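# Descriptive analysis of the structure
Next come the chains, spelled out residue by residue.
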Amino acid sequence: MKTRFTLLNIVIFFFLFCSVHGQKKNLYSVIFEAEGTCNIKIETDLKHLMRKSSKEQYQEANITIIDNAFQELVVLPTKIRARGNMRKKQCKFPPIKIDFKKRDLDSLGFEKEIDKLKMVFPCRGGKDNQEKLYKEYLLYDIYKIIDPRGMNAKLANITFIEENGKEIQFVGMFVEEEKAYSKRTNAIIVEFGKLRVASLDRDLFLKMSFFQYMIANTDYSISNYHNLEMVKYPDNPRVVALPYDFDYSGFVGHHYAVPHESLPIKEVHERYFFRHSVKEEEFDEMVGFYLSIENEVNTLIDSATYLSEKSRIRSKAYLESFFNIMRMPKFFKRSTVR
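Worth saying up front: this structure is predicted, and the values here are computed from it rather than measured.

What counts as what
- Residues numbered from 1 in each chain as written.
- Predicted model: local features only at pLDDT ≥ 70, side-chain atom pairs only at ≥ 80, totals over all residues.
- Heavy atoms only, no water.
- Salt bridge = Lys/Arg side-chain N within 4 Å of Asp/Glu carboxyl O.
- Buried < 20%, exposed > 50% of the residue type's maximum accessible area, 1.4 Å probe, protein only.
- Helix = DSSP H or I, 4+ residues; strand = E, 2+ residues; numbered from the N terminus.
- Axes fitted to C-alpha atoms, helices over the stretch in contact; angles between N-to-C directions.
- Parallel < 35°, antiparallel > 145°, perpendicular 65-115°, else oblique.
- Contact = heavy atoms within 4.5 Å.
- Nonpolar A, V, L, I, M, F, W, Y, C, P; charged D, E, K, R; others polar.
- Patch = residues over 30% accessible without salt bridge, like charges linked within 9 Å, V, L, I, M, F, W, Y side chains within 5 Å.
- Areas by Shrake-Rupley, 256 points an atom, 1.4 Å probe, with all protein chains shown as cover.
- Lys, Arg positive; Asp, Glu negative; His and termini not counted.
- Charge placed at Lys NZ, Arg CZ, Asp CG, Glu CD.
- Pairing = 2+ DSSP bridges.
- Disulfide = S-S within 2.5 Å.
- Expected span 1.5 Å × (residues − 1).

Attention shifts here to the pattern of salt bridges. A full pass over the atoms with the stated rule returns 19 salt bridges. In this structure, the salt-bridge partner of Asp115 is Lys116, at a minimum N-O distance of 3.4 Å. Note on Asp115: relative accessible area 6%, which makes it buried. Taking relative accessible area as the criterion, Lys116 reaches 23% and is therefore assigned partly exposed. Between Arg149 and Asp235 there is a salt bridge whose closest N-O contact spans 3.5 Å. Residue Arg149 is found in the loop between α6 (127–146) and β6 (153–161), and its partner Asp235 is found in the loop between β9 (228–232) and β10 (240–243); the two are separated by 86 residues along the sequence. A single network of salt bridges, built from pairs that share partners, joins Arg87, Glu136, Asp245 and Asp247.

Before going further, it helps to spend a moment on the packing of helix α10 (residues 294–303) against helix α11 (residues 309–327). If you want to describe how two helices pack, look at the angle between their axes and the distance between the axes. The contact between α10 and α11 brings their axes to 10 Å, and the two run at 170 degrees. Put simply, α10 runs roughly antiparallel to α11. Judged by residue contacts, Glu294, Val297, Asn298, Ile301 and Asp302 of α10 engage Arg312, Ser315, Lys316, Leu319, Glu320, Phe323 and Arg327 from α11. The residue inventory of the contact of α10 with α11, partitioned by class, reads four nonpolar, two polar and six charged.

Among the surface-exposed residues, Lys47, Arg51, Lys92 and Lys166 lie close enough to one another that they form a single positively charged patch. Within the secondary structure, Arg51 is located in helix α3 (residues 46–51). Exposure remark for Arg51: the relative accessible area of 56% places this residue in the exposed category.

We now examine unusual backbone geometry. One non-glycine residue, Asn186, adopts positive backbone phi at about 60 degrees. Relative to the helices and strands, Asn186 is located in the loop between α7 (178–185) and β8 (188–189). A positive phi is found at Tyr225, a non-glycine position, where the angle reads about 60 degrees. With respect to the helices and strands, Tyr225 occurs in the loop between α8 (202–214) and β9.

For Met86, the position within the fold is in the loop between β3 (72–82) and α4 (87–90). With a relative accessible area of 27%, Met86 lands in the partly exposed category. Setting aside its immediate chain neighbours within four residues, Met86 contacts Tyr248 and Tyr256.

Quick look at the sheet that holds β9 now. Ordered in space as β8-β9-β10, the three strands form an open sheet in which the pairing is antiparallel. Edge strands, defined here as strands with exactly one partner in the open sheet, are β8 and β10. Here two bridges tie β8 to β9, and the two strands are oriented antiparallel to one another. Bridge pairing links Ile188 to Lys232 in β9.

Let's shift gears to the state of the cysteines. Taken as a whole and assessed by the stated rule, the structure comprises one disulfide. Shown here is the disulfide that connects Cys91 with Cys123, its sulfur atoms set 2.2 Å apart. Residues Cys91 and Cys123 are joined by a disulfide whose S-S torsion is about -100 degrees; by sign, that bridge is left-handed. Highlighted residues: Cys91 in the loop between α4 and β4 (96–99) and Cys123 in the loop between β5 (116–120) and α6, separated in sequence by 32 residues. Like Cys91, the residue Cys123 is buried in the burial classification.

Attention now moves to α6. Every α-helical turn comprises 3.6 residues, leaving residues that sit three or four positions apart pointing alike. In this model, α6 (20 residues) spans 29 Å end to end at C-alpha, consistent with the 28 Å of a helix rising 1.5 Å per residue. Within α6, 16 of the 20 residues are buried, which leaves the element mostly enclosed by the surrounding structure.

Remark: α8 packs on α11, axes separated minimally by 9 Å, with the N-to-C direction vectors making an angle of 125 degrees. As far as their axial angle goes, α11 and α8 are oblique. Of the residues in α11, those in contact with Phe210, Tyr213 and Met214 of α8 are Tyr318, Leu319, Phe322, Phe323, Ile325 and Met326. Taken together, the residues of the contact of α8 with α11 break down into nine nonpolar, no polar and no charged.

Its location among the elements puts Thr64 in strand β2 (residues 59–66). Every residue in contact with Thr64, bar those within four places of it in the chain, is listed here: Asn39, Ile40, Lys41, Glu72, Val74 and Val75.

Now for the environment of Ser199. The residue Ser199 is located in the loop between β8 and α8 in this model. With a relative accessible area of 22%, Ser199 lands in the partly exposed category. Between the C-alpha atom of Ser199 and that of Val239, which follows or precedes it by 40 residues, the distance is 6.3 Å. Ignoring sequence-local partners within four residues, the contact set of Ser199 consists of Arg238 and Val239.

Written out as structure tokens, the structure reads:
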């Protein structure tokens, strides 16, 4: 009787173990949890993608995603299209959205609800454009210091295979898609409705605003959700604005990036703080916070060995000018506090 009970418990334990650990993963969790840099092969008509990028038309493609141990994570037919308002007009290699068939994902044991991937590539060929892609990726990591629940990004070795067999290689990055972010953080994505600054979590809004000032980025807007993911967490009644798409920042410095004509700056390298009402105690708190993370930010840049040494030095120098403002904030405070 005792042996039968023991065996029964083993069977029940095995069933429960398989039920928990056999849960389906989504594409993003598999890719982002894989160690190191993934390798992505995209078989498609690349010339057609570049030629028709402004129309955002889907075209057929085959995708193979391989981890750094050369194990195939995903091998599927799919559809891809260009995305990104400015990049699809200015860049030889526009960002893409990859759209898988739900039934194909289900057949491989993936959650079929998360069926799209977002990828960003270097704007054009050459080392300089590759470095700019790396710097944009770095900003996602830096923002995770400011807000650990920021958007995820992951570098990936890209190989485009054209119909004639020709291969084009560079390093791109995955950027977390809305549904995947919602799944990971249990957040609700706010997609509609008029939002004001008063609707937002105040502390995280101020940290986000100072971050945008730090990297000299003015290409975002609360009112129309531009380059901001608006989310609500179960533990926070306020909306949180998460920044993404930093290609217009002075820190990255793309050739096509220019400030909006309504702004009193002539180039994106100039820092500008949007005229949100900031109280003196809030300003002082943000100055203290950013000075407290300066060493951590610099350490992160030093560890970003995917960047050239020259780029790491320049990146630290660019942010050093911001931290110097934080150390002597009198003029900045005068133009900010209301």
